[in-house]
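# An overview of the molecular structure
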Amino acid sequence: MRVYLDNSATTPVAPEVLEAMLPYFIENMGNAQSVHSFGQRAKAALESARRQVAGLIGASPTEIVFVSGGTEADNMAIRGVAEASRDVGRHIITTQIEHPAVLATCEELEREGFRVTFLPVSSRGLVDLDELRAAVCDETILVSIMHANNEIGVIQPIEKVAEVVAEARASGARRLLLHSDAVQSVGKIRVDVNELGVDLLSVSAHKIHGPKGVGCLYVRKGTRLTKLMYGGHHERDRRPGTENIPAIVGFGRAAEMAADQLDSRARLTSELRDYLERQIMERARNVRINGDAAYRLPNVSNMSFAGVDGESLLIALDLKGVAVSTGSACASGSLEPSHVLKALGLDRAVIRGSLRFSLSAFNTREEIDFAISTLAGTIARLEEMSADQ
Ligand code: PLP
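Small disclaimer: the values here were computed from a predicted structure and weren't measured.

### A short note on the site of the ligand
Near the ligand lie 13 residues; those nearest to it are Thr71, Asp181, Gln184, Ser204 and Lys207. Within the contact set of the ligand, an oxygen atom lies 2.8 Å away from a backbone nitrogen or oxygen of Gly70. At a separation of 2.8 Å, an oxygen atom of the ligand approaches a polar side-chain atom of Gln184. A total of 390 Å² of accessible area belongs to the ligand in isolation, and the protein chains cover 87% of it. The leading source of residues in the shell around the ligand is helix 3 (residues 70-85), at three residues.

Below you can see the structure in the form of structure tokens.
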């Protein structure tokens, strides 16, 4: 049996998504900018996908800019605001637990003369709103706080962050904008741009059973944003380049399915996730769950196994057919301990023994049972081995 429990890294494309994409490779291969019927068909598919994606996040279709994925959406939001607002201020606020797409963009802007505040988080992974309030000043042009974290699944109170941003706007920081990286939350929990009160929001298709290499940036109407690339006038002049119609069509279908199945997917994955956690807590000694238990995505569990090396555990599990991850896909493979778990204040040993299990609605109870018995057996063996040393 092969069990895939690394759905925060990427998800399998849903069969319905693939089916929707296929006609756009050969029969309907037109360039959406062309005037002839091939072009018109591609254009119609592009606009239909835009409506589907907008529907998933409560946006208007004209506020959706298709891009190459979450990384580009984050870069576009942060650099786009920085360039557009540098004449009014050069201060950006983000958190210590963002994805590298946000962190590295902010670090680069620091080198270019911007000031960036990286807010700490509590031991459960939550941002403190008073610290945010204290950090905002008249020079602040952007607050970028992720909706759900990719390593621990903790959900930040973005609605409350938006209230702080609104207060700051009313008292001096007039051009202040709010961006949220919602790559992990969209399709897992309800995400509505108006309820959240964001100006910019990043989404990626491959986390919701869509294809890789496509995503979008939600840009609230009227938001000042400098574009990253120059070329044609695609995407309302925000993002040039011939549109990747098959991928965008797949993204649209995946978004539509995620909206239709939001509750059932959340119920299924949280039941399986909770069952996995209960069983592991019963069978293994010294297990802890990292991150806030209440404000957490339904499909993610980050657990630490004391005295066990997470990397060895990951490899041993993989050999037996169970795919999990230590932290994020981007951080694993590097020897650096997870910056997210470090920000929670965890000991190096606890961080070393941590694994992320991330489920999708494609997982079954049989798979989770297999993962539980494999994990329990492997931990017992690794504990014995380290006791012998
Ligand atoms: N932001 C978060 C929170 C993510 O988890 C990821 C992907 O792992 C990204 C951004 C980057 O998205 P993409 O892989 O589409 O570039």
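### Focus on the side chain of Arg50
Along the chain, the position of Arg50 falls in helix 2 (residues 37-57). Of the residues examined, Arg50 reaches a relative accessible area of 8% and is grouped as buried. One polar contact links Arg50 to Glu47, side chain to side chain, over a distance of 2.8 Å. With near-sequence residues (within four places) excluded, Arg50 lies in contact with Pro61, Ile64, Phe66 and Glu235.

### Topic: the nonpolar core
Of all hydrophobic cores here, the largest spans 72 residues; its most connected members are Ile57, Phe66, Leu132, Val143, Leu201 and Phe251. Residue contributions to this core peak at nine residues, all from helix 9 (residues 245-260).

### Brief notes about the packing of helix 2 against helix 9
Interaxial distance between helix 2 and helix 9 falls to 8 Å at its minimum, and their mutual angle equals 30°. Considering how the two elements wind past one another, helix 2 and helix 9 form a crossing that is left-handed. For the pair helix 2 and helix 9, contact is made by Ala42, Ala45, Leu46, Ala49, Gln52, Val53 and Leu56 and by Ile245, Ile248, Val249, Phe251, Gly252, Arg253, Ala255, Glu256, Ala258 and Ala259, respectively. Among the residues forming the contact of helix 2 with helix 9, the class breakdown is 13 nonpolar, two polar and two charged.

### A word on the pairing of strand 8 (residues 215-219)
The buried fraction of strand 8 amounts to five of the five residues, a majority that puts the element mostly inside the structure. Of the two faces of strand 8, the one holding Gly215, Leu217 and Val219 and the one holding Cys216 and Tyr218 are both buried throughout. Bridge analysis of strand 2 (residues 64-67) against strand 8 gives four bridges, and the strand direction is antiparallel. Opposite Phe66, over in strand 8, you have Cys216 as the bridge partner. Note that strand 7 (residues 200-204) and strand 8 share five bridges and pair antiparallel. Considered in strand 8, the bridge of Ser204 is made with Gly215.

### So, the pairing of strand 7
In terms of burial, strand 7 is a largely internal element, five of the five residues being buried. Going residue by residue along strand 7, you find Leu200, Ser202 and Ser204 tucked away on one face and Leu201 and Val203 tucked away on the opposite face as well. Pairing analysis gives three bridges linking strand 6 (residues 177-181) to strand 7, with the strands arranged parallel. By the bridge assignment for strand 7, Asp181 is matched with Ser202.

### Thoughts on empty space enclosed by the protein
With the rule as written, the count across this model stands at one cavity of 30 Å³ or more. Of the volumes computed, that of the largest cavity is approximately 130 Å³. Of the residues assigned to the lining of the largest cavity, the class counts are six nonpolar, seven polar and three charged.

Each value, and the rule that gives it
Residues numbered from 1 in each chain as written. Predicted model: local features only at pLDDT ≥ 70, side-chain atom pairs only at ≥ 80, totals over all residues. Heavy atoms only, no water. Near = heavy atom within 4 Å. Polar contact = N/O pair within 3.5 Å; in protein donor to acceptor, adjacent residues only side chain to side chain. Areas by Shrake-Rupley, 256 points an atom, 1.4 Å probe, with all protein chains shown as cover. Helix = DSSP H or I, 4+ residues; strand = E, 2+ residues; numbered from the N terminus. Buried < 20%, exposed > 50% of the residue type's maximum accessible area, 1.4 Å probe, protein only. Contact = heavy atoms within 4.5 Å. Core = buried A, V, L, I, M, F, W, Y, C linked by side-chain atoms within 4.5 Å. Axes fitted to C-alpha atoms, helices over the stretch in contact; angles between N-to-C directions. Left-handed = near helix turned anticlockwise from the far one by under 90°. Nonpolar A, V, L, I, M, F, W, Y, C, P; charged D, E, K, R; others polar. Pairing = 2+ DSSP bridges. 1 Å grid on protein atoms, 1.4 Å probe; cavity = no way out; pocket = protein on both sides within 12 Å on 5 of 7 lines; lining within 4 Å. Points joined across faces, edges and corners; volume = space filled by probe spheres on them.

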